Amino acid sequence: MFAATLDRQSSRAETPDDLFEAIATLKKDLNAIVLAHYYQDPDIQDIADYIGDSLGLSRKAAETDAEVIVFAGVHFMAETAKILNPDKQVLLPDLNAGCSLADSCPPDAFAAFKAAHPDHLVVSYINCTAEIKAMSDIICTSSNAVDIVNQIPRDRPIIFAPDRNLGRYVMAETGREMLLWEGACIVHENFSEKKIVRLKVEHPGAEVIAHPECEPPVLRHANYVGSTTALLKYAKQSPNSSFIVATEPGIIHQMQKEASGKTFIPAPPTNSCACNECPHMRLNTLEKLYWAMKNREPEITMSETVRSAALRPIQRMLEMS
Ligand code: 13P
Ligand code: SF4
């Protein structure tokens, strides 16, 4: 079925010239909402009904009364929307839009890890599969992880999965030990401390703002650490006028729109590229989004057993934050 979709997508003659108009019409026809993460292409952000970080997107997915949710983000995000909305159709423009962090935590290995520490409470970052969520007690995102861990009784041991960098950051902020799953994001792991230091010398007035998925040597240079929404808010409110941005550069589109006149410099990766795009997020395109709505596929599906088990820790997160 998915191969057939690709065939249809590749018949360019059928693709409307004005994708913005065609998508707007489909939104009305399907009673659909388009939710987009800040790491999506600028065109996708511009046609979205809501743009946000993982927490904002989960909240929006939980409250929407649209019949179809078109999720412009990666698989675990669309999956979360489906967990919250079993009766709605959730479409993802490219089903291959995965996440290296989610992939770094295979369910079988995690089940064994959890079984070896039966007294631990499992707090999982939302960047994980539905199967991992189903094995978790509480889900968190980068914007509420510190707050959630602070609400857990201090004598309760915690497993934190799958991101070791966010886990280390939460440990430093809360002053408590946690057992970390050794996962990481290929994008945030790849920022070059050396090149960031060089940029700071070239732009002495610029503040470094970073996502907590970055490694400790990069976070040490940050004037502010936060989720994508928090970074955007900080850049808008700060009296400073230039920023070195250590997260996926898609966020810079909103920064330039909402804080026009300020300068945003993407933090460089260790390779020869000028910026550090997430290869998974960038699989989605405006054209694929159009075809997903037109064909009503690819669609997110999962077993009811996994869905209902994964729902509980997400609901706990929404209640706690
Ligand atoms: P946010 O919580 O800022 O949306 O982070 C999502 C993400 O994938 C970061 O890599
Ligand atoms: Fe996953 Fe990293 Fe891409 Fe975020 S930036 S979706 S954590 S691979």
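Residues numbered from 1 in each chain as written. Chains lettered and ligands numbered in written order. Predicted model: local features only at pLDDT ≥ 70, side-chain atom pairs only at ≥ 80, totals over all residues. Heavy atoms only, no water.

Undergrad: I keep staring at the packing of helix 2 (residues 19-30) against helix 15 (residues 286-295) and nothing clicks. Help me out?
TA: Helix packing for two helices is described by the angle between their axes and how far apart those axes are. Contact pair helix 2 / helix 15: the axes reach a minimum separation of 10 Å and the direction vectors enclose 30°. Of the possible angle classes, the one that applies to helix 2 and helix 15 is roughly parallel. Seen along the crossing, helix 2 lies across helix 15 with a hand that is left-handed. Only L286, E287, L289, Y290, M293 and K294 of helix 15 make contact with helix 2, whose side of the interface consists of L19, F20, A22, I23, L26, K27 and L30. (Axes fitted to C-alpha atoms, helices over the stretch in contact; angles between N-to-C directions. Helix = DSSP H or I, 4+ residues; strand = E, 2+ residues; numbered from the N terminus. Parallel < 35°, antiparallel > 145°, perpendicular 65-115°, else oblique. Left-handed = near helix turned anticlockwise from the far one by under 90°. Contact = heavy atoms within 4.5 Å.)

Undergrad: Please clarify how empty space enclosed by the protein should be interpreted in this entry.
TA: Over the atoms, a rolled probe matching the size of one water molecule traces out where space is still vacant. The tally for this structure, following the rule as stated, stands at two cavities of 30 Å³ or more. Only helix 5 (75-84) and helix 6 (100-103) provide two or more residues apiece to the lining of the largest cavity. Among the residues making up the lining of the largest cavity, the classes are represented as eleven nonpolar, eleven polar and three charged. Roughly 50 Å³ of internal volume is contained in the second largest cavity. Residue lining of the second largest cavity: S54, L57, S58, A61, F71, F76, M77, T80, A81 and I126, and that is the complete set. Taken together, the residues that form the lining of the second largest cavity break down as seven nonpolar, three polar and no charged. (1 Å grid on protein atoms, 1.4 Å probe; cavity = no way out; pocket = protein on both sides within 12 Å on 5 of 7 lines; lining within 4 Å. Points joined across faces, edges and corners; volume = space filled by probe spheres on them. Nonpolar A, V, L, I, M, F, W, Y, C, P; charged D, E, K, R; others polar.)

Undergrad: Help me out: how do you make sense of the site of ligand 1 in this one?
TA: Close to ligand 1 lie H37, Y39, D53, S54, Y125, N127, S142, H188, H211, E213, S227 and T228, which account for all nearby residues. Between H37 and ligand 1, the recorded distance is 2.7 Å, taken from a side-chain N or O atom to an oxygen atom. Here an oxygen atom of ligand 1 and a side-chain polar atom of S142 are 2.6 Å apart. Within the complex, 96% of the 300 Å² of free accessible area of ligand 1 lies under protein. When each cavity is represented as a set of grid points, ligand 1 is found to reside in the largest cavity. (Near = heavy atom within 4 Å. Polar contact = N/O pair within 3.5 Å; in protein donor to acceptor, adjacent residues only side chain to side chain. Areas by Shrake-Rupley, 256 points an atom, 1.4 Å probe, with all protein chains shown as cover. Sits in = over half its atoms within 2 Å of the grid points.)

Undergrad: I'm lost on the site of ligand 2 in this one. Help?
TA: Close to ligand 2 lie Y39, V74, C99, S100, N127, C185, V187, H188, E213, C278, H280 and M281. Structurally, ligand 2 is housed in the largest cavity. Considered class by class, the residues forming the shell around ligand 2 number seven nonpolar, four polar and one charged.

Undergrad: Please clarify how helix 13 (residues 228-237) should be interpreted in this entry.
TA: Given 3.6 residues to a turn, an α-helix orients residues that are three or four positions apart in the same direction. Here helix 13 has its buried residues at T228, A230, L231, L232 and A235. At its buried positions, helix 13 is contacted by strand 1 (32-37), strand 9 (207-210), strand 10 (224-225), strand 11 (242-246), helix 14 (251-258) and strand 12 (263-266). (Buried < 20%, exposed > 50% of the residue type's maximum accessible area, 1.4 Å probe, protein only.)

Undergrad: Before we go on, may I ask you to explain the side chain of E248 in this structure?
TA: In this structure, E248 sits in the loop between strand 11 and helix 14. When its relative accessible area of 0% is taken as the criterion, E248 is described as buried. In this structure the side chain of E248 is engaged in a polar contact, spanning 2.7 Å, whose partner is the backbone nitrogen of G250.

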